[in-house]
Amino acid sequence: MIKKKNCYIYTRVSTALQVDGYSLDAQRDKLRKYAEYQDMTVVSEFSDEGFSGKNIKGRPEFTLMMEKIESGEDDVSFVLVFKLSRFGRNAADVLNSLQTMQDYGVNLICVEDGIYSQYIILRKP
């Protein structure tokens, strides 16, 4: 029997009236379906509503997710986001967060963008 891979789902909208299919419900639905299709187990879902992606500071759910990754308590291998812009818009923050995740063996998958972080940052030797 193949062991299912554990993942987190992270969603974010910067306004209560987010448009173009980026609503929290639309993001969650897409990510849950992707996880099921990829035979992943969703361990937890984190969602920041009304927070800008310009900075990771001040996003309580993002911060909690990163703390859980660093603790290793849920043994996750992936974080699923709808698009990279939902994870963050500041390049330095995104790269620092990706490096931290990969230091703990966790990769980011941006479902709508087709981005898999293993190909973005090389692991440290």
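Residues numbered from 1 in each chain as written. Predicted model: local features only at pLDDT ≥ 70, side-chain atom pairs only at ≥ 80, totals over all residues. Heavy atoms only, no water.

### Concerning the pattern of salt bridges
So, step 1. Summed over the entire model, instances satisfying the criterion amount to six salt bridges.
So, step 2. A salt bridge links K68 to E73, with the shortest nitrogen-to-oxygen separation between them at 2.8 Å.
So, step 3. Taking relative accessible area as the criterion, K68 reaches 17% and is therefore assigned buried.
So, step 4. Its salt-bridge partner being D74, residue K68 comes within 3.5 Å of it at the nearest N-O pair. Judged on exposure class, the residue K68 and its partner D74 are both buried.
So, step 5. Via salt bridges that share partners, K68, E73 and D74 belong to a single interconnected network. (Salt bridge = Lys/Arg side-chain N within 4 Å of Asp/Glu carboxyl O. Buried < 20%, exposed > 50% of the residue type's maximum accessible area, 1.4 Å probe, protein only.)

### Describing the confidence of the model for the protein chain
So, step 1. Residues with a pLDDT of 70 or more make up 83% of the protein chain, whose mean pLDDT is 84.
So, step 2. Note that pLDDT drops below 50 for residues 119-125; the model gives that stretch 13 contacts with residues more than four away or on any other chain. (pLDDT = per-residue confidence, 0-100. Contact = heavy atoms within 4.5 Å.)

### Considerations on the nonpolar core
Proteins that are soluble and globular tend to have nonpolar side chains buried together.
So, step 1. In this structure, M65, I69, V79, F87, M101 and L108 are the most contacted members of the largest nonpolar core, which totals 17 residues.
So, step 2. For this core, the elements supplying multiple residues, two or more each, are β1 (5-13), α2 (60-71), β3 (78-81), α4 (91-103) and β4 (107-110). (Core = buried A, V, L, I, M, F, W, Y, C linked by side-chain atoms within 4.5 Å. Helix = DSSP H or I, 4+ residues; strand = E, 2+ residues; numbered from the N terminus.)

### Brief notes about the pairing of β3
So, step 1. Burial along β3 is two-sided: the face carrying F78 and L80 and the face carrying V79 and V81 are both buried.
So, step 2. With three bridges connecting them, β1 and β3 associate as parallel partners. Considered in β3, the bridge of Y8 is made with V79. (Pairing = 2+ DSSP bridges.)

### Some details on the side chain of D48
So, step 1. In this structure, D48 sits in strand β2 (residues 40-49).
So, step 2. Although D48 lies buried, it forms no salt bridge, and the closest oppositely charged side chain, R59, sits 5.0 Å away as judged by the N-O distance.
So, step 3. With sequence-adjacent residues up to four places away left out, D48 is seen in contact with Y10, T11, R12, V13, R59, P60, E61 and F62. (Lys, Arg positive; Asp, Glu negative; His and termini not counted.)

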